[in-house]
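The residues making up each chain are set out below.
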Amino acid sequence: MITIYGMETCPDCTYVEEQVKGDNRYEIIDIGRHVRNLKAFLKLRDTHPAFEAAKRHGSVGIPCFVLEDGTVTLSPEEAGLHARPVATGAACSLDGSGC
């Protein structure tokens, strides 16, 4: 099973979530739904090198994918999914540049 950490208010996350609806190969964990989910994600984010670039750019690092072999990636393609097209508008960043 591939675990996906995200939030329902993140356009990149909802784009990914739409792709996996009804597919039991994926588990969605909404980090905004319960503090326990947020803590699990923050522990991963604070300790895993896959988040270094995201942290440098001031990004949260979601959606995040934990593959079946334990690999952590921020690339939807590595999880067998598609990234949200850049030109689709909505953004999470404070400066409006993306998520």
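Residues numbered from 1 in each chain as written. Predicted model: local features only at pLDDT ≥ 70, side-chain atom pairs only at ≥ 80, totals over all residues. Heavy atoms only, no water.

- If you check an unreviewed UniProt entry, the chain appears there as Glutaredoxin-related protein from Candidatus Tidjanibacter faecipullorum.

1. Regarding the nonpolar core
- By size, the foremost hydrophobic cluster in this structure holds 12 residues: Tyr5, Cys10, Cys13, Ile29, Ile31, Phe41, Leu44, Phe51, Ile62, Cys64, Val66 and Val72.
- Elements supplying a minimum of two residues to this core: α2 (35-47) and β3 (64-66).
- Excluding residues within four positions of it along the chain, valine 66 makes contact with Met1, Ile2, Thr3, Tyr5, Leu44, Thr71 and Val72.
- Of all hydrophobic cores here, the second largest spans 9 residues; its members include Val20, Phe65, Leu67 and Ala79. (Core = buried A, V, L, I, M, F, W, Y, C linked by side-chain atoms within 4.5 Å. Buried < 20%, exposed > 50% of the residue type's maximum accessible area, 1.4 Å probe, protein only. Helix = DSSP H or I, 4+ residues; strand = E, 2+ residues; numbered from the N terminus. Contact = heavy atoms within 4.5 Å.)

2. Concerning the pairing of strand β1 (residues 2-6)
- Most of β1 sits inside the fold, with 5 of its 5 residues counted as buried.
- Across the two faces of β1 the burial is the same, with Ile2, Ile4 and Gly6 and Thr3 and Tyr5 all buried.
- Pairing of β1 with strand β2 (residues 26-30), which is carried by 5 bridges, proceeds in the parallel orientation. The residue of β2 that forms the bridge with threonine 3 is glutamate 27.
- Once you follow β1 into helix α1 (residues 11-20) and on to β2, the crossover reads as right-handed.
- Across 3 bridges, the pairing between β1 and β3 is antiparallel. Opposite threonine 3, over in β3, you have valine 66 as the bridge partner. (Pairing = 2+ DSSP bridges. Right-handed = clockwise from strand over helix to strand, strands pointing away.)

3. Details of the environment of proline 11
- Inspection of the secondary structure assignment puts proline 11 in helix α1.
- A residue is classified by how much of its surface remains accessible, and proline 11, at 16% relative accessible area, is buried.
- When the C-alpha positions of proline 11 and arginine 84 are compared, they lie 8.0 Å apart, and in sequence the two are 73 residues distant.

4. Focus on the sheet that holds strand β4 (residues 72-73)
- Strand order in the open sheet formed by 4 strands is β2-β1-β3-β4, and the pairing between neighbours is mixed. Looking at which strands have only one partner, the edges of the open sheet turn out to be β2 and β4.
- Sheet topology note: the β3/β4 ladder contains 2 bridges and is antiparallel. Of the residues in β4, the one forming a bridge with phenylalanine 65 is threonine 73.
- Running over the sheet, α2 touches β1, β2, β3 and β4 and is turned about 105 degrees from β1. (Axes fitted to C-alpha atoms, helices over the stretch in contact; angles between N-to-C directions.)

5. Here we look at α1
- Pro11, Asp12, Cys13, Val16 and Val20 are the residues of α1 that are buried.
- Buried residues in α1 make contact with β1, β2 and β3.
- At the C-terminal side of α1, glycine 22 shows a positive phi close to 80 degrees.

6. Thoughts on α2
- With 13 residues, α2 ought to run about 18 Å at 1.5 Å a step, and its terminal C-alpha atoms sit 18 Å apart, in line with that.
- All buried positions along α2 are accounted for by Asn37, Phe41, Leu44 and Arg45. Buried residues of α2, viewed axially, fall in a sector of 100 degrees; they line one side. For α2, the exposed residues lying more than 90 degrees away from the buried face are Val35, Arg36, Lys39, Lys43, Asp46 and Thr47. (Expected span 1.5 Å × (residues − 1). Arc of directions from axis to C-beta.)

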